[in-house]
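Summary of structural features
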Amino acid sequence: MAERIDGMAMRAAILDETRAEAARLLEKHGRKPGLATILVGDNPASVSYVSLKVKTALALGFHEIQDNQPADVSEAALLARIEAYNRDPAVHGILVQLPLPPHINESRVIHAIDPDKDVDGFHPVNLGRLVIGGEAVRFSPCTPAGILEMLVRSGTPTCGAEVTIIGRSAIVGRPLSIMLGQKGVDATVTLVHSRSANIREHCRRADILVAAAGSPRMVKADWVRPGATVIDVGVNRVGVNPTTGKAILAGDVDFDAVAEVAGRITPVPGGVGPMTIAMLMKNTMRSAWLHAGERP
Ligand code: NAP
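Just so it is clear, the structure is predicted and the values come from calculations on it, not from any experiment. (Residues numbered from 1 in each chain as written. Predicted model: local features only at pLDDT ≥ 70, side-chain atom pairs only at ≥ 80, totals over all residues. Heavy atoms only, no water.)

1. Examining the nonpolar core
Proteins that are soluble and globular tend to have nonpolar side chains buried together. Ile147, Leu180, Val210 and Met281 are the most contacted members of the largest nonpolar core, which has 46 residues in total. Those elements that place two or more of their residues in this core are helix 1 (7-29), helix 6 (142-153), strand 5 (162-166), helix 7 (173-180), strand 7 (208-211) and helix 10 (272-291). Per element, the largest residue contribution to this core is 10 residues, and it comes from helix 10. For Ile147, the contacting residues outside a window of four places in its chain are Val172, Leu176, Val210, Ile231, Val233 and Val272. Formed by 18 residues, the second largest nonpolar core is a distinct cluster that contains Val192, Leu209, Val224 and Val258. (Core = buried A, V, L, I, M, F, W, Y, C linked by side-chain atoms within 4.5 Å. Buried < 20%, exposed > 50% of the residue type's maximum accessible area, 1.4 Å probe, protein only. Helix = DSSP H or I, 4+ residues; strand = E, 2+ residues; numbered from the N terminus. Contact = heavy atoms within 4.5 Å.)

2. Quick look at the sheet that holds strand 8 (residues 229-232)
Taking strand neighbours across the sheet as the criterion, the six strands line up as 1-11-8-7-5-6 in an open arrangement whose pairing is parallel. The open sheet terminates on both sides in strands that have one partner only, identified here as strand 1 (3-4) and strand 6 (188-192). Of the strand pairs in this sheet, strand 8 and strand 11 (residues 264-265) are connected by two bridges, and their pairing is parallel. By the bridge assignment for strand 11, Thr229 is matched with Arg264. (Pairing = 2+ DSSP bridges.)

3. Re the layout of surface pockets
What the largest pocket holds in volume is close to 1,600 Å³. What lines the largest pocket is a set of 48 residues, among which Tyr49, Thr143, Val235, Gly273 and Thr276 lie closest to the centre. Of all elements in the fold, only helix 1, helix 2 (44-59), strand 4 (93-96), helix 6, strand 9 (236-240), strand 10 (247-250) and helix 10 reach the threshold of two or more residues within the lining of the largest pocket. Of the residues assigned to the lining of the largest pocket, the class counts are 27 nonpolar, 13 polar and eight charged. Taken as a whole, the second largest pocket encloses approximately 640 Å³ of empty space. (1 Å grid on protein atoms, 1.4 Å probe; cavity = no way out; pocket = protein on both sides within 12 Å on 5 of 7 lines; lining within 4 Å. Points joined across faces, edges and corners; volume = space filled by probe spheres on them. Nonpolar A, V, L, I, M, F, W, Y, C, P; charged D, E, K, R; others polar.)

4. Looking at the site of the ligand
With respect to spatial proximity, 21 residues lie near the ligand, and among them Arg168, Ser169, Ser194, Val235 and Thr276 are the closest. Within the side chain of Ser169, one N or O atom sits 2.5 Å away from an oxygen atom of the ligand. For the ligand, an oxygen atom lies 3.0 Å from a polar atom in the backbone of Val235. For the ligand, whose accessible area on its own is 930 Å², the fraction buried by protein is 66%. At three residues, the largest contribution of residues to the shell around the ligand is made by helix 10. Residues of the shell around the ligand, tallied by class, amount to 10 nonpolar, 10 polar and one charged. (Near = heavy atom within 4 Å. Polar contact = N/O pair within 3.5 Å; in protein donor to acceptor, adjacent residues only side chain to side chain. Areas by Shrake-Rupley, 256 points an atom, 1.4 Å probe, with all protein chains shown as cover.)

5. Observations concerning the environment of Ser194
Secondary-structure assignment places Ser194 in the loop between strand 6 and helix 8 (199-204). Assessed through its relative accessible area of 68%, Ser194 is described here as exposed. On a C-alpha basis, the gap between Ser194 and Asp6 in space is 29 Å, while along the polypeptide they are 188 residues apart.

6. Some details on the side chain of Thr37
Along the chain, Thr37 turns up in strand 2 (residues 34-40). By relative accessible area, Thr37 is classed as buried at 1%. Polar contacts involving the side chain of Thr37 include one to the side chain of Glu64, which spans 2.7 Å. In contact with Thr37, other than residues within four places in its own chain, are Val50, Val54, Glu64, Ile65, Gln66, Asp67 and Leu95.

7. A closer look at the environment of Pro267
Within the fold, Pro267 resides in the loop between strand 11 and helix 10. For Pro267, a relative accessible area of 6% corresponds to the buried category. Taking the C-alpha atoms as reference points, Pro267 and Arg4, separated by 263 residues in sequence, lie 7.1 Å from one another. Sequence-distant contacts of Pro267, that is, excluding residues within four places in its chain, are made with Arg4, Ile5 and Phe255.

8. As for helix 1
In an α-helix, one full turn covers 3.6 residues, which means residues spaced three or four apart are oriented alike. With 23 residues, helix 1 extends 32 Å from end C-alpha to end C-alpha; this agrees with the ideal 33 Å at 1.5 Å per step. The residue sitting at the N-terminus of helix 1 and contributing the capping side-chain oxygen is Asp6; that oxygen lies 3.0 Å from the backbone nitrogen of Met8. Trailing helix 1 by a residue or two, Gly30 shows a phi angle of about 65 degrees, which is positive. (Expected span 1.5 Å × (residues − 1).)

9. Thoughts on the pairing of strand 2
Within strand 2, seven of the seven residues are buried, which leaves the element mostly enclosed by the surrounding structure. Residues of strand 2 alternate between two faces, with Gly34, Ala36, Ile38 and Val40 on one and Leu35, Thr37 and Leu39 on the opposite face, all of them buried. Bridge count between strand 2 and strand 3 (residues 63-69): seven bridges; the pairing is parallel. Of the residues in strand 3, the one forming a bridge with Gly34 is His63. This β-α-β element, strand 2 to helix 2 to strand 3, shows right-handed connectivity. The pairing of strand 2 with strand 4 spans four bridges and is classified as parallel. In the sheet register, Ala36 faces strand 4, and the bridge partner there is Ile94. (Right-handed = clockwise from strand over helix to strand, strands pointing away.)

Shown next as structure tokens:
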């Protein structure tokens with residue numbers, strides 16, 4: 001039976017470390033890490049993500065600006081808010097909760113954020129720095145960074161490991177494939193997608209299998225090499241609990257069957273999801289150190 005990788009416990013440990021670092025920054029430089037969180041409209045999922053981010057930042061002792069804008073805010077007004085945070089020396093991280101309403105061009109908004117305050121790691125400059133690697137890297141996108149952190153903290157070796165990633169999105173699969181191939185991480189990466197042939201065979205070869213396709217329970221037990229580490233990024237709503245009215249979630253991995261074969265596995269929920277917010281806080285902390293002239 002696979003060992004379960006506990007994302008909640010890992011998040012708690014990372015947040016404890018970040019809280020201690022924030023206190024050290026305050027003592028040494030007399031400033032708090034500053035995060036501006038911009039929410040446009042009242043999409044329930046976005047409201048709940050943002051409130052968790054705000055609550056977490058405050059609990060770490062960050063300077064947190066919660067900037068809620070109406071759903072009909074103009075693109076020009078939103079860009080002006082971002083420009084103000086770009087110039088504000090008390091702000092080290094700017095987060096715009098996506099998706100944005102259709103009248104706002106998401107790409108223009110992401111491009112407007114100062115790359116040195118882009119703690120989501122979505123700005124093309126930061127993706128370019130990621131491709132260059134080494135000292136050039138400033139902020140890695142939070143979900144792939146959380147996956148890497150899970151591998152390290154669970155004691156899963158990456159050097160020389162065969163990794164197969166299912167899914168090539170710009171926020172998960174593609175940046176993760178680059179990060180796993182960096183010097184120092186040293187994995188051999190296969191990236192598969194909806195047009196790939198022989199997906200099962202690519203998966204069976206993997207020492208580490210990452211499923212980020214958004215397809216409920218697609219990874220079956222016979223896709224997994226015995227003893228492999230399986231990271232399930234998928235969050236799929238597969239029904240509604242009639243008693244609580246809450247969504248029933250499933251990952252991209254057929255958890256119960258795969259857990260019989262794998263060496264380590266992440267659950268959904270409680271696996272990769274909690275790591276994403278921890279990495280956002282870590283990126284903001286890193287930005288605050290860099291703005292204070294220190295390399296963390
Ligand atoms: P996305 O943009 O929809 O991309 C999905 C990728 O998977 C695409 O590259 C697609 O291939 C590939 N794919 C889809 N079905 C496939 C199949 N049957 N076989 C092989 N490849 C397939 O999704 P995303 O934003 O990366 O998210 C993926 C999943 O992760 C979703 O369930 C999402 O909710 C979850 N997620 C979780 C977190 C977290 O923090 N836990 C964060 C982000 C996303 P093509 O490119 O060929 O279309």
